[in-house]
Amino acid sequence: MGYKLSNTGFNEYIQQLKERYRLFAPVLESKKGKFAQTDVIAYGEIEKFDDMILESKSYYSPKEIFFPIRETLFYFMKDTIETPKINEKPVIIFIRPCDLNGIRRLDSIFLKNGEEVDFYYLRRRELVKFIMIECLEGFDTCFCVSMNSNIALDYDAVIRVEENVVSLKVVDDKLEAPVLSNTDKVEFEPEFIKENKVKVTIPNVDLVSKETFNNDIWKEYTSRCIACGRCNTSCITCSCYTMQDVKLSDDKSIGERRRVWAGCHVDGFSDMAGGHNFRDKNGERMRYKTMHKVNDFYKRFDEHMCVGCGRCDDVCPEYISFSKCINKLNEIVEEGKNYD
Ligand code: SF4
Ligand code: SF4
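Conventions and cut-offs
- Residues numbered from 1 in each chain as written.
- Chains lettered and ligands numbered in written order.
- Predicted model: local features only at pLDDT ≥ 70, side-chain atom pairs only at ≥ 80, totals over all residues.
- Heavy atoms only, no water.
- Helix = DSSP H or I, 4+ residues; strand = E, 2+ residues; numbered from the N terminus.
- Rg over C-alpha atoms; globule rule 2.2 N^0.38 Å.
- Buried < 20%, exposed > 50% of the residue type's maximum accessible area, 1.4 Å probe, protein only.
- Domains from an automatic or database assignment.
- Contact = heavy atoms within 4.5 Å.
- Buried area = accessible area lost by both parts, 1.4 Å probe.
- Salt bridge = Lys/Arg side-chain N within 4 Å of Asp/Glu carboxyl O.
- Polar contact = N/O pair within 3.5 Å; in protein donor to acceptor, adjacent residues only side chain to side chain.
- Nonpolar A, V, L, I, M, F, W, Y, C, P; charged D, E, K, R; others polar.
- Near = heavy atom within 4 Å.
- Pairing = 2+ DSSP bridges.
- Phe/Tyr/Trp six-rings, centres within 6.5 Å; stacked < 30°, edge-to-face > 60°.
- Axes fitted to C-alpha atoms, helices over the stretch in contact; angles between N-to-C directions.

Helix and strand counts for the protein chain stand at 9 helices and 12 strands. In summary, the protein chain has a C-alpha radius of gyration of 22 Å against a globular reference of 20 Å for 340 residues, a match within 12%. When its C-alpha atoms are laid out on the principal axes, the protein chain stretches across 65 × 60 × 45 Å. By residue count, 53% of the 340 residues in the protein chain fall in the buried class.

Listed below in C-alpha cells is the structure:
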C-alpha cells in the first residue's frame, strides 16, 4: 500500500515507529570529520525526520549497526563461558539500494558460507528491517549501475522524498502505523537510477589468469597506497575481522573474547605463524582486495562483492580510485595490456 505524507505526517510516522523500533539513518556527526573541525555523515540513531541527511552520501556504511566494529563474543571465567546480551529492540535502517544489495553480500558471507551460520551476526541481523530511500541521481563516485546494484527489491518499505512530500510504500505489515490510516492512499512504486557518471567494465572471471596477478599494474599501488585501511572500514561489503582475548583480571583464565574489524590493506592482516607475511607490499594487498571484490566472490556466490557505492574512492587519502582500478584490470585481462 502506498501513502503520500507531508513532512510533518512523515515525522509523526517516525515517532510512532520509534515506539517499537530503533531507527538509524545517515546523520551529521559534528566535528568528527577526517580533518580538524570538519563534520562527517555517518549512520546514527535518529529522533526525528529532520535528523536524516539525504542530500549527501554517508561516509560510512550502515553495516556497523549489526556488525559492530568491536564485539564481545563471550566472557570466560575459568570453566564457564557467558554470551553477553544485546539490545533486542528491533531496528529500522533507512538505506539506499546499493547498500541494501551490499547487505545481501554480508548475509552471504555470514549466513551462507558453509554449513554453520554466524550466530553473532544472525542475532543482530534478525532484528533489522529496511526502509529503502529511492535514489535516482546517485553521487559523483557511484558506479552501482555497472555492478547491477542500482536496483533492490528486498525492502520492507520504501520512501521517495520530495520537497514537502514523502511517498511511502509499506511491504511489511509490521511497518504500518496508526498515522497511516488517516493518510491519503496512492499507488507508489520506486524508480531506480539508470546511469552513473562513473562506469566500470568487469573482466570475465574465466579470463583472469596467473599473468593477471603478475602484471605490473599492482606496483603503482605499492607506491601510492599508505595502508590506512579507510577503504576497508567504509565499504559496505568488507567483513573481515580478527579475534582478541582480553584479560579482565590478573587471573588469565578470566577475560573476554572479542572480534574486531580488520582490513586487508592494513599491516598485520596477513601475518602468519613464524612471522610470515604473504602480502607484504601494499600493491599486493590492493590486488587481493580487487580480486575478492570483482572475481573470487563471484565464483562462489554468482554475484560480485562490490556494489559500486564508491565510498572507497571518496575516503582514500591518496586519491586511489577503485573504479579506475577495475577498468585497468579489465584492460589487462581483456586486452592483454601491461602497465609499467
Ligand atoms: S569496494 Fe568500494 S565501491 Fe565497492 S562496495 Fe566496497 S566501498 Fe563500495
Ligand atoms: S584508503 Fe587508499 S591509501 Fe588507504 S588503504 Fe585504501 S587504497 Fe590504500
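Quick look at the environment of Ser223 now. Among the structural elements, Ser223 can be located in helix 5 (residues 217-224). Along the backbone, Ser223 and Lys281 are 58 residues apart, and their C-alpha atoms lie at a distance of 9.1 Å.

Moving on, we get to the domain arrangement of the protein chain. The extent of an interface is frequently quoted as the accessible surface area lost upon association of the parts. For the protein chain, the domain assignment lists domain 1 (2-70 + 84-186) and domain 2 (205-243 + 264-335). Listed as interface residues are 30 residues of domain 1 and, on the opposing side, 30 residues of domain 2. Summed over both partners, the interface of domain 1 with domain 2 comes to about 2400 Å²; 57% of that surface belongs to carbon and sulfur atoms. The residue Arg105 makes a salt bridge to Glu303 at a minimum N-O spacing of 3.4 Å. Where domain 1 packs against domain 2, one counts 15 residue pairs in polar contact (both at pLDDT 80 or more). Across the side of domain 1 that touches domain 2, the residue classes tally to 13 nonpolar, 9 polar and 8 charged.

We note that Asn164 has phi near 70°; this positive angle belongs to a residue other than glycine. Inspection of the secondary structure puts Asn164 in the loop between strand 8 (157-162) and strand 9 (165-170). With a phi angle near 65°, Asp302 is a residue other than glycine that sits in the positive phi range. By secondary structure assignment, the location of Asp302 is in the loop between helix 7 (282-301) and helix 8 (311-315). For Asp302, a relative accessible area of 64% translates into the label exposed.

Once that is clear, we can look at the site of ligand 2. With respect to spatial proximity, the complete set of residues near ligand 2 consists of Cys225, Ile226, Ala227, Cys228, Gly229, Arg230, Cys231, His265, Cys316, Pro317, Glu318 and Ile320. For the shell around ligand 2, the residue count by class is 8 nonpolar, 2 polar and 2 charged.

Strand direction decides the pairing type here: strand 1 (residues 2-6) and strand 9, joined by 5 bridges, are antiparallel. In the strand pairing of strand 9, Lys4 is matched with Ser167. Judged from the 2 bridges that link them, strand 1 and strand 10 (residues 185-186) form a sheet pairing that is antiparallel. Across the sheet, the residue bridging to Tyr3 is Lys185, located in strand 10.

With that out of the way, let us pick up the packing of aromatic side chains. Counted under the stated rule, the structure contains 13 aromatic pairs. On the numbers, 6.4 Å between centres and 75° between planes, the contact of Phe10 with Phe94 is edge-to-face. Remark: Phe94 occurs in strand 6 (residues 91-95) and Phe10 occurs in helix 1 (residues 7-18); sequence separation between them is 84 residues. Seen in terms of ring centroids, Phe119 and Tyr120 are 5.0 Å apart; in terms of plane orientation they differ by 80°. Their pairing is edge-to-face. Note on Phe119: relative accessible area 46%, which makes it partly exposed. A relative accessible area of 15% places Tyr120 in the buried class. These aromatic residues form a ring-pair network of at least three members: Phe66, Phe67, Phe110, Tyr121 and Trp261.

So, about the site of ligand 1. In the vicinity of ligand 1, the contacting residues are Phe143, Cys235, Lys293, Cys306, Val307, Gly308, Cys309, Gly310, Cys312 and Phe322. Its residues assigned to classes, the shell around ligand 1 comprises 7 nonpolar, 2 polar and 1 charged.

Our focus in this paragraph is the sheet that holds strand 8. Read across the sheet, 8 strands follow the order 3-2-6-7-8-9-1-10 without closing on themselves; strand pairing throughout is mixed. Among the strands making up the open sheet, the edge pair consists of strand 3 (40-45) and strand 10. Sitting on the sheet, helix 1 touches strand 1, strand 2 (22-29), strand 3, strand 6, strand 7 (128-133), strand 8 and strand 9, and the angle it makes with strand 1 is about 110°. Contacts between helix 2 (residues 97-111) and the sheet are confined to strand 3, strand 6 and strand 7, with strand 7 contributing the most and set at about 150° to the helix.

Here the focus is the pairing of strand 6. Strand 6 sits mainly inside the fold: 5 of its 5 residues count as buried. In strand 6, alternate side chains face the same way, and those of Val91, Ile93 and Ile95 on one face and Ile92 and Phe94 on the other are all buried. In this sheet, strand 6 lies alongside strand 2 in parallel orientation, the contact comprising 3 bridges. If you follow Leu23 over to strand 6, its bridge partner there is Ile92. Note that strand 6 and strand 7 share 5 bridges and pair parallel. By the bridge assignment, Ile93 is partnered in strand 7 with Phe130.

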